[in-house]
Amino acid sequence: MSLAFKSQCKYWIASLMVKLGKLTHDDFTVEELNALIQPALPTTVDLDIPIGTATVTVESGTISLREETNSIFFQAFTSMQVAVANSVIYRAHVVVTLSATPTYNVDDKCVSLTHTAVESIQLVNDDYALIKDTRFLLSKLVPGRLDSIIGQSLKTALSLVTAGTSDTAANYLSLYLSGSTHAILNYHKPQITQAILREIDKLPLFHTMRDDVWREALFARYGKQVGVAENRLRFYLV
């Protein structure tokens, strides 16, 4: 161990309490866990769509714990934008809820999050929401020729520009004719799920106990498992 004198004293006192059966666990509160994630926000992921660009930015988020399923939940408040021809045609605030299971490997002295999943994706109905109408879309897709295509289908109008090769793009943009923010979000839910899980795969969802932090050094020596209990992330010492 490489602990400062004051931390060494805490470590040895805590060790004695563990041996006497007076200290059975160490807890991290929801507030402490929330403080750990704030430096990583905001963060943005790109979505795969047939035409234009789309992004989801995680602006903020809060952690909650569920003892009955031994799960950690992260409710992310995000802003989503879709742009075509350099103009935003859709935007919305979306709440994405993620879940994971905390585990501990005694041999490696490592806490990790497993079984990560996107639990729900929900639209927030607020003033941020935006959908551009059909006329706006056509003016961006066929600039300077709007009068000649008004009344035609979006698919027909798009074919004037793409020589009929963008059926997928035209079908995608036809979503916007409904004017429904919910219908557009429902279409994008699989892309949002894939993008977020892809981003999570890049993150180091594990932490090896450090010998220069007395609470971690204590758990590395006596720790048995990690779980959710009494709305806390509990590190069991015996």
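Everything here concerns the structure above.
Worth saying up front: this structure is predicted, and the values here are computed from it rather than measured.

Peer 1: Before we move on, can you summarise the overall build of the chain with the specific residues and values?
Peer 2: When you go through the chain residue by residue, the secondary structure sums to eight helices and ten strands. Put simply, the chain has 238 residues, and 39% of those count as buried. Intrachain contacts of the chain at a sequence separation of at least 6 include 57% that bridge at least 24 residues. Within the structure as shown, the chain displays about 13,000 Å² of accessible surface, and the carbon and sulfur contribution to it stands at 53%.

Peer 1: For the environment of Glu59, give the residues involved together with the corresponding values.
Peer 2: With respect to the helices and strands, the residue Glu59 is situated in strand E3 (residues 53-66). In the structure, Glu59 is positioned 21 residues away from Gln38 in sequence and 9.9 Å away in space, judged by C-alpha atoms. For Glu59, the residues in contact, after removing those within four places along its chain, are Leu41, Pro42, Phe77, Thr78 and Ser79.

Peer 1: Please provide a residue-by-residue account of helix H1 (residues 5-19), values included.
Peer 2: Over its 15 residues, H1 runs 21 Å from end to end, which matches the ideal 21 Å to within 8%, given 1.5 Å per residue. Turning to H1, its buried residues number three or more, namely Tyr11, Ala14, Ser15 and Val18. All buried residues of H1 project into a common sector of 105° when viewed along the axis, lining one side. Relative to its buried face, H1 has exposed residues pointing more than 90 degrees away, namely Phe5, Lys6 and Ile13. Buried residues belonging to H1 abut helix H8 (214-222). With its phi angle positive at about 80°, Gly21 sits one or two positions after the end of H1.

Peer 1: Describe the sheet that holds strand E10 (residues 232-236), naming the residues involved and giving the relevant values.
Peer 2: Strand order in the open sheet formed by three strands is E1-E10-E9, with antiparallel pairing between adjacent strands. On the outer flanks of this sheet lie strand E1 (25-29) and strand E9 (225-229), each paired with one strand and no other. Within this sheet the neighbouring strands show an average axis-to-axis angle of 25°, counted without direction.

Peer 1: I'd like to hear about H8, residue by residue, with values.
Peer 2: Because each turn of an α-helix spans 3.6 residues, side chains separated by three or four positions end up pointing in the same direction. The set of residues buried in H8 consists of Glu216, Ala217, Leu218, Phe219, Ala220 and Tyr222. Of the surrounding secondary structure, the elements contacted by the buried residues of H8 are H1, strand E5 (87-105), strand E8 (206-208), E9 and E10.

Peer 1: Explain the pattern of salt bridges residue by residue, including any values.
Peer 2: For the coordinates displayed, the defined rule picks out seven salt bridges. A salt bridge links Glu216 to Arg210; the nearest nitrogen and oxygen atoms lie 2.6 Å apart. Take Arg210: its relative accessible area is 41%, and that puts it in the partly exposed class. With a shortest N-O distance of 3.2 Å, Glu230 and Arg234 are connected by a salt bridge. On the accessibility criterion, Arg234 (8% relative accessible area) is buried. Salt bridges linked by common partners bring Asp27, Glu230, Arg232 and Arg234 together as one network.

Peer 1: Would you mind going over the packing of aromatic side chains in detail, with residue names and values included?
Peer 2: For the coordinates displayed, the defined rule picks out seven aromatic pairs. When the centroid spacing of 5.7 Å and the interplanar angle of 75° are considered together, the rings of Tyr172 and Tyr176 count as edge-to-face. For the pair Tyr172 and Tyr176, a shared accessibility class is recorded, and that class is buried. Every member of this aromatic cluster is reached through a ring pair, and the members are Phe28, Tyr104, Phe219 and Phe235. Note that Arg91 overlies the ring of Tyr128, its terminal NZ or CZ placed 4.9 Å from the centroid. A cation over an aromatic ring shows up here: Arg215 above the ring of Phe28, its NZ or CZ 4.5 Å from the ring centre.

Peer 1: Can you break down unusual backbone geometry residue by residue, with the values?
Peer 2: Following Leu41, the chain continues to Pro42 via a peptide bond in cis, the omega torsion being 0°. Topologically, Pro42 is positioned in the loop between helix H2 (30-37) and strand E2 (43-47). Its identity as a non-glycine residue notwithstanding, Asn70 has a phi of 50°, on the positive side. Among the secondary structure elements, Asn70 is positioned in the loop between E3 and strand E4 (71-84). Residue class for Asn70 comes out partly exposed when judged on its relative accessible area of 25%. Positive phi, close to 55°, is recorded for Lys109, a residue that is not glycine. Mapped onto the elements of the fold, Lys109 is located in the loop between E5 and strand E6 (110-124).

What counts and what doesn't
Residues numbered from 1 in each chain as written. Predicted model: local features only at pLDDT ≥ 70, side-chain atom pairs only at ≥ 80, totals over all residues. Heavy atoms only, no water. Helix = DSSP H or I, 4+ residues; strand = E, 2+ residues; numbered from the N terminus. Buried < 20%, exposed > 50% of the residue type's maximum accessible area, 1.4 Å probe, protein only. Contact = heavy atoms within 4.5 Å. Areas by Shrake-Rupley, 256 points an atom, 1.4 Å probe, with all protein chains shown as cover. Expected span 1.5 Å × (residues − 1). Arc of directions from axis to C-beta. Pairing = 2+ DSSP bridges. Axes fitted to C-alpha atoms, helices over the stretch in contact; angles between N-to-C directions. Salt bridge = Lys/Arg side-chain N within 4 Å of Asp/Glu carboxyl O. Phe/Tyr/Trp six-rings, centres within 6.5 Å; stacked < 30°, edge-to-face > 60°. Lys NZ or Arg CZ within 6 Å of the ring centre and 35° of its normal.

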